[in-house]
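Remarks on the overall topology
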Amino acid sequence: FLQVLNEKKLQEVDSLWKEFETPEKANKIVKLKHFEKFQDTTEALAASTALVEGKLSKNLKKILKKIVAKDAHEQLAVADAKLGGVIKDKLNLSCIHSPMVTELMRGIRSQVEGLITGLPSREMAAMCLGLAHSLSRYKLKFSPDKVDTMIIQAISLLDDLDKELNNYIMRCREWYGWHFPELGKIITDNLTYCKCVRKVGDRSNFASSDVSDILPEEIEEDVKAAAEISMGTEVSEEDINNIIHLCDQVIEISEYRTQLYDYLKNRMMAIAPNLTIMVGELVGARLIAHAGSLLNLAKHPASTVQLLGAEKALFRALKTKRDTPKFGLIYHASLVGQTNTKNKGKISRMLAAKTALTIRYDALGEDTSAEMGAENRLKVETRLRLLEERGMRRISGTGKALARMDKYQNKSEVKVFDPSGDSTLPAVSKKRKIQEVEEQDAEVAVKAKKFKAEMK
């Protein structure tokens, strides 16, 4: 604890650093009032951790009661406003925190060796370094069972391996397809295709090679028959060797991917067992990787968990004033996948709500059991069955509640047929009289006689 000797100079915040340029100047501003050493590094770590978290440690509380309580009328300058509030509430001491206090603390740290006598600079540096390392270890809270960084790296690597595998397999099929194009249609499995090519090589070797350990008998016969009448081009032995080398790479990467997937599954069950049961290890790992850590994911509400991974679509929908997306990464969960299109939104919303609970339980709970995840998954499955049964009842017409709700009501009205719309002719009658028709006929007959007489 240091006591300020000249408070007037503290008012000039911008030039306060000049008063701490040398130890002599610093001693004119502040004076050491009380100094108490820590017994060991553990005690120093506990006190430092309490200060970082804005809490009042037991030793600090005792010292404040003994030393500062005597000068209760004076203000106590603290670097942390949160700690100052705790001291004020518990000890009823007046605390101050301002830019002036920040500059004062910076000056004291720069001249701490001159203000506190009897501490060699080498020992001071060693103690600071040891305490900094201990505090860093405490902040990390290292535990091999609670490191979600490994999950983030594993799922990212798994996605990269899938992309590379697809590229390699596509290149292998296209490359060997020039030599034996029929093989790609007969063998659909990529790994089996690469194993076949690596074992046999040239298509002419299929007749004498035994690939029964890779292919079933029926497919093996089809391959051998197709090899004899293949339309592919001839390739050199060097080309075949390069293709076989590519197949070796594909098989090695596939084996490593299987091993990495098992590692990810075990790690997810150790760190987030309830989340794994709810949405599966792959979707759970992608959610953790997208949020940055399990603790960050636990801070998200259920609505955010539902849309994680669909941020681009969400903001595009908000910008264009269209319907927002109903799901993001959670769409790939098995519960959403087995739902029909109409109920996917409802199930994804309920699944996100239950998943948010399991994430918080995994991140903040002390118990590592997976009972909560199993219970919540059962609730979602029950809800899913209920929605599906409701849809079936509506189609079949059974179900009392739905029949009562959809009861037929006769709303027919007796309407008289209006014949006015049948005809497009004018409504006014324009019938000619019989006399007019006879006169017109007589005129026509007269004209016809005149025309005949002229022709003669």
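Right above here is the structure, for reference.
Computed from a prediction, not measured in an experiment: that's the story for all the values here.

**Digging into the pattern of salt bridges**
Any two side chains of opposite charge can pair if their charged atoms end up close together. All told, the structure shown has eight salt bridges when counted by the stated rule. Notably, a salt bridge pairs Asp162 with Arg257, separated by 2.5 Å at the nearest N-O pair. You can see Asp162 sitting in helix H8 (residues 149–177) and its partner Arg257 sitting in helix H12 (residues 237–271), a full 95 residues away along the chain. By relative accessible area, which is 23% here, Arg257 ends up partly exposed. Across the pair Lys199 and Asp213 runs a salt bridge, and its minimum N-O distance is 3.0 Å. With Lys199 in helix H10 (residues 190–200) and Asp213 in the loop between H10 and helix H11 (217–228), this residue pair connects regions lying 14 residues apart in the sequence. We classify Asp213 as exposed; its relative accessible area is 59%.

**Let's talk about a negative patch on the surface**
Judged by side-chain charge, Glu217, Glu218, Glu221 and Asp222 come together as a negatively charged surface patch. When you line up the elements, Glu217 lands in helix H11.

**Details of the nonpolar core**
If you look at the biggest cluster of nonpolar residues, it comprises 61 residues, and the most contacted ones within it are Tyr176, Leu183 and Leu351. Per-element accounting of this core gives the leading share, twelve residues, to H12. Residues within four places of Tyr176 in sequence aside, it is in contact with Leu183, Tyr193, Val197, Gly201, Asp202, Arg203, Phe206, Ile240 and Ile243. Ranked by size, the runner-up nonpolar core spans eleven residues in total, among them Leu10, Val30, Met100 and Val101.

**Describing helix H4 (residues 81–91)**
Along an α-helix, residues three or four positions apart point the same way, because every turn accommodates 3.6 residues. Listed in full, the buried residues belonging to H4 are Leu83, Gly84, Ile87 and Leu91. The buried residues of H4 occupy an angular sector of 100° when the element is viewed end-on, so they sit on one face. Those residues of H4 that are exposed and aimed more than 90 degrees away from the buried face are Lys82, Lys88 and Asp89. The secondary structure elements touched by the buried residues of H4 are helix H2 (41–52), helix H3 (58–66), strand E3 (76–77) and strand E4 (95–96). Count one or two residues on from H4 and you reach Asn92, which has phi positive near 60°.

**Some points on empty space enclosed by the protein**
Taken as a whole and assessed by the stated rule, the structure comprises one cavity of 30 Å³ or more. Volume-wise, the largest cavity comes out at about 30 Å³. Forming the walls of the largest cavity are Val283, Arg286, Leu329 and His332. Classifying every residue of the lining of the largest cavity gives two nonpolar, one polar and one charged.

**What to know about unusual backbone geometry**
Although it is not a glycine, Lys321 adopts a positive phi angle of roughly 60°. Topologically, Lys321 is positioned in the loop between helix H17 (311–320) and helix H18 (334–337).

Quick notes on the rules
- Residues numbered from 1 in each chain as written.
- Predicted model: local features only at pLDDT ≥ 70, side-chain atom pairs only at ≥ 80, totals over all residues.
- Heavy atoms only, no water.
- Salt bridge = Lys/Arg side-chain N within 4 Å of Asp/Glu carboxyl O.
- Helix = DSSP H or I, 4+ residues; strand = E, 2+ residues; numbered from the N terminus.
- Buried < 20%, exposed > 50% of the residue type's maximum accessible area, 1.4 Å probe, protein only.
- Patch = residues over 30% accessible without salt bridge, like charges linked within 9 Å, V, L, I, M, F, W, Y side chains within 5 Å.
- Areas by Shrake-Rupley, 256 points an atom, 1.4 Å probe, with all protein chains shown as cover.
- Lys, Arg positive; Asp, Glu negative; His and termini not counted.
- Charge placed at Lys NZ, Arg CZ, Asp CG, Glu CD.
- Core = buried A, V, L, I, M, F, W, Y, C linked by side-chain atoms within 4.5 Å.
- Contact = heavy atoms within 4.5 Å.
- Arc of directions from axis to C-beta.
- 1 Å grid on protein atoms, 1.4 Å probe; cavity = no way out; pocket = protein on both sides within 12 Å on 5 of 7 lines; lining within 4 Å.
- Points joined across faces, edges and corners; volume = space filled by probe spheres on them.
- Nonpolar A, V, L, I, M, F, W, Y, C, P; charged D, E, K, R; others polar.

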